[in-house]
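Next come the chains, spelled out residue by residue.
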Amino acid sequence: MDGAFEQDLPINGHRLHVQTIGRGTPLLLLMGLGAAGDKWAPNVAVYQNHFRCILVDNLGAGRSDKPHLDAYSVQQMALDAAAVLDALGVEKAHINGISMGGAIAQELAIAHPDRVRSLVLTSTFASVSNSFRTAIETLRDNIDVMDKKSFKRLNQWMTFAQKTQNTRPEFLLEMAQSDAEYPYPMPSYAYKAQCNACLNHNTSNRLKQITAPTLVAAGACDLFVPHEKTMELCEKIPNATLYLCKDGGHVHEWEHLEDYNRVTLEFLMAHDE
């Protein structure tokens, strides 16, 4: 990412690529399935003016190590995230996690409540619905079967709101082209391992242990994460608040970038004591 300080850190027996940019209170940013930390760029453009943003390439993604395993673990990636903070000398940080990154953020907030200033859970889940399982299994089982263009179209059909697909086709094309041009593609085995990490995630019975101020940010038209799974987070995390993007899908943080940046930045700054 332009302007970021980049480094490879030895973390829990593997190497993770980490970028830092901006000044202020640390803000740990955890990306979702199949994506590297660079995908935070449209949000970091705003966040970096107020926070020291820490972007992690999760295990299997971007420039981090990609071990040949059938499944990675959300809990392991949460341990990795905590170790990144240790390596950077950060005692306490705000955390924002998208989708799988939000699952990682939940585990981190449960295991290390003293290290979390505030928590933003974006388009994420505590437990896996049948429809979500079907979607992830379909993507997992076709990543090395379908051609890349068709797979991307399937992925976008699942993750972007139908309104966005019908009214902003050029936006989807731009996003697809950007992903196709990314110089550090994810091997199919690593994508499958991250898919399995998502499918094995469950914090439903432990959400009450989250003590950090929490904002649940969701798209009202999310096909991946049904509304009842969003409400599970809101109802079980003490004093959680909800931001529901009316026309947003699973990637409302990009579909409605200005609104998302404004709402999340206001929340983060309100808890930046």
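Residues numbered from 1 in each chain as written. Predicted model: local features only at pLDDT ≥ 70, side-chain atom pairs only at ≥ 80, totals over all residues. Heavy atoms only, no water.

(A) Representation of the overall build of the chain in the model. Across its full length, the chain carries 11 helices and 8 strands. Here the chain has a C-alpha radius of gyration of 17 Å; the compact-globule value for 273 residues is 19 Å, and the two agree. In terms of its C-alpha atoms, the chain occupies a principal-axis envelope of roughly 45 × 40 × 35 Å. When each of the 273 residues of the chain is scored for burial, the buried share is 55%. Restricting the contact set of the chain to residue pairs at least 6 apart, pairs at least 24 apart contribute 77%. Within the chain, the 32 negative side-chain charges are centred at a point lying 2 Å from the centre of the 24 positive side-chain charges. (Helix = DSSP H or I, 4+ residues; strand = E, 2+ residues; numbered from the N terminus. Rg over C-alpha atoms; globule rule 2.2 N^0.38 Å. Buried < 20%, exposed > 50% of the residue type's maximum accessible area, 1.4 Å probe, protein only. Contact = heavy atoms within 4.5 Å. Lys, Arg positive; Asp, Glu negative; His and termini not counted. Charge placed at Lys NZ, Arg CZ, Asp CG, Glu CD.)

(B) Spatial organisation of the pairing of strand E7 (residues 214-219). Counting buried residues in E7 gives 6 out of 6 residues, a clear majority hidden from the surface. Neither face of E7 is left uncovered, since the one carrying Thr214, Val216 and Ala218 and the one carrying Leu215, Ala217 and Gly219 both have all their residues buried. Judged from the 4 bridges that link them, strand E6 (residues 116-122) and E7 form a sheet pairing that is parallel. Considered in E7, the bridge of Leu119 is made with Thr214. Regarding the hand of the β-α-β motif, the stretch spanning E7, helix H9 (residues 227-236) and strand E8 (residues 241-245) is right-handed. (Pairing = 2+ DSSP bridges. Right-handed = clockwise from strand over helix to strand, strands pointing away.)

(C) Region of interest: the packing of helix H4 (residues 130-142) against helix H5 (residues 148-159). Remark: H4 packs on H5, axes separated minimally by 11 Å, with the N-to-C direction vectors making an angle of 170°. In this view, H4 runs roughly antiparallel relative to H5, as classed from their interaxial angle. Contacts between H4 and H5 involve Ala135, Thr138, Leu139 and Asn142 on the former and, on the latter, Phe151, Leu154, Asn155 and Met158. Taken together, the residues of the contact of H4 with H5 sort by class into 5 nonpolar, 3 polar and no charged. (Axes fitted to C-alpha atoms, helices over the stretch in contact; angles between N-to-C directions. Parallel < 35°, antiparallel > 145°, perpendicular 65-115°, else oblique. Nonpolar A, V, L, I, M, F, W, Y, C, P; charged D, E, K, R; others polar.)

(D) Main features of the sheet that holds strand E5 (residues 93-98). The sheet built from 8 strands is open, its strands ordered E1-E2-E4-E3-E5-E6-E7-E8 with mixed pairing. Two strands in the sheet have a free side with no partner beyond their single neighbour: strand E1 (5-11) and E8. Each strand of the sheet is rotated relative to its neighbour by a mean of 20°, with strand direction disregarded. Bridge count between E5 and E6: 5 bridges; the pairing is parallel. Considered in E6, the bridge of Asn96 is made with Val120. Along the sheet, helix H11 (residues 257-270) contacts strand E3 (25-30), strand E4 (51-56), E5, E6, E7 and E8; its crossing angle with E6, the most-contacted strand, is approximately 160°.

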